[in-house]
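This is what each chain is made of:
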Amino acid sequence: MEKVRAKKHLGQHFLTDLSIAERIALAVKGHGGVTKVLEIGPGMGVLTDYLLKSDLELYLIDIDKESIEYLYKKYPELGDRIIFGDYLKYDFKKVIPDQYAIAGNFPYNISSQIFFKVLEVRDQVTEVVCMLQKEVAERIASPKGNKDYGILSVLLQAYYDIEYLFSVPPEVFDPPPRVNSGVIRLVRNEVKGLDCNEKLFFQVVKGGFGNRRKTLRNSLKSFQLPEDLKTNPLMDKRAEQLDVADFVFIAQQIEASRGNH
């Protein structure tokens, strides 16, 4: 079978190191008793080979037609579990109505968008094991007070326990990316819903990090903060100094004040 050409516009970098592929596959634990795993962007199936050795029922999705044709030939037994489509636009409830895990060597140009989509379907996705650009991996796993800490860190840490597993150098890819990569695991926590208006929580987090250098009192001005919140010492801090519970508290206060009008 002819190899698939890596396409720059799709952000494709194919992993060539089998031991790393195996480590990623072994990190998928089937958290929450899930029996299905979806691999995003399998390319030529280097990771797929190892995921097939697990007890989980495997689904593949790729936006690259050439990859899909290659995968059909390589894994005829997967049949219609090989999906030609864009994960960001695909409604997986039609294919997997229950919960599932996600694995993959994510295309670097859309890794953040993949996580925003995961947040939308967080009650379905119990676990994510993925490789992405090292700085994005570090940001997602970063604790508060760290310069890497950002919007995705807070939003994902609200619903997932996150651990940074290991780093991967550029030379194990074809073609090699210009950056180092990192592998992380996200495991859905016990939080069914936050103790606040979740839409408002998302807006407050995005607003807070929109002007990272400003104190929250300034960066959240547009939210018409109640007076007692304006004088709260929390508002003297910057967004990166707050954890999930702090942002929940701010959202609660803003919502309560709106209810009083």
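Shown above is the structure to which this text applies.
Computed from a predicted structure; not experimentally measured.

Definitions and limits used
Residues numbered from 1 in each chain as written. Predicted model: local features only at pLDDT ≥ 70, side-chain atom pairs only at ≥ 80, totals over all residues. Heavy atoms only, no water. Buried < 20%, exposed > 50% of the residue type's maximum accessible area, 1.4 Å probe, protein only. Helix = DSSP H or I, 4+ residues; strand = E, 2+ residues; numbered from the N terminus. Contact = heavy atoms within 4.5 Å. Pairing = 2+ DSSP bridges. Axes fitted to C-alpha atoms, helices over the stretch in contact; angles between N-to-C directions.

Observations concerning helix H6 (residues 151-159)
And then number 1: Within H6, seven of the nine residues are buried, leaving the element largely enclosed by the surrounding structure.
And then number 2: Buried within H6 are the following residues: Leu152, Ser153, Val154, Leu155, Leu156, Ala158 and Tyr159.
And then number 3: In this fold, the buried residues of H6 make contact with helix H4 (111-120), helix H5 (134-141), strand S7 (160-168), strand S9 (181-188), helix H7 (198-210) and helix H10 (244-259).

Quick word on the sheet that holds strand S2 (residues 36-40)
And then number 1: Pairing is mixed in the open sheet, where seven strands are placed in the order S4-S3-S2-S5-S6-S9-S7. Edge positions in the sheet fall to strand S4 (82-84) and S7, since each of these pairs with one other strand and no more. Strand after strand, the sheet turns through a mean of 15 degrees between neighbouring axes, direction not considered.
And then number 2: Where S2 meets strand S3 (residues 57-62), five bridges bridge the pair, whose relative direction is parallel. Of the residues in S3, the one forming a bridge with Glu39 is Leu60.
And then number 3: Across the sheet, helix H3 (residues 65-74) is in contact with S3 and S4; its angle to S4 comes to roughly 160 degrees.
And then number 4: Against the sheet, H5 makes contact with strand S6 (125-133), S7 and S9, and its axis sits at roughly 140 degrees relative to S6, the strand it touches most.

Description of unusual backbone geometry
And then number 1: Of note, the amide linkage connecting Asp174 to Pro175 takes the cis form, showing an omega dihedral of -10 degrees.
And then number 2: Positive phi, normally seen in glycine, also occurs at Gln224, with a value near 50 degrees.
And then number 3: Positionally, Gln224 belongs in the loop between helix H8 (216-219) and helix H9 (227-230).
And then number 4: A residue is classified by how much of its surface remains accessible, and Gln224, at 64% relative accessible area, is exposed.

Keep in mind these values describe shape, not function.
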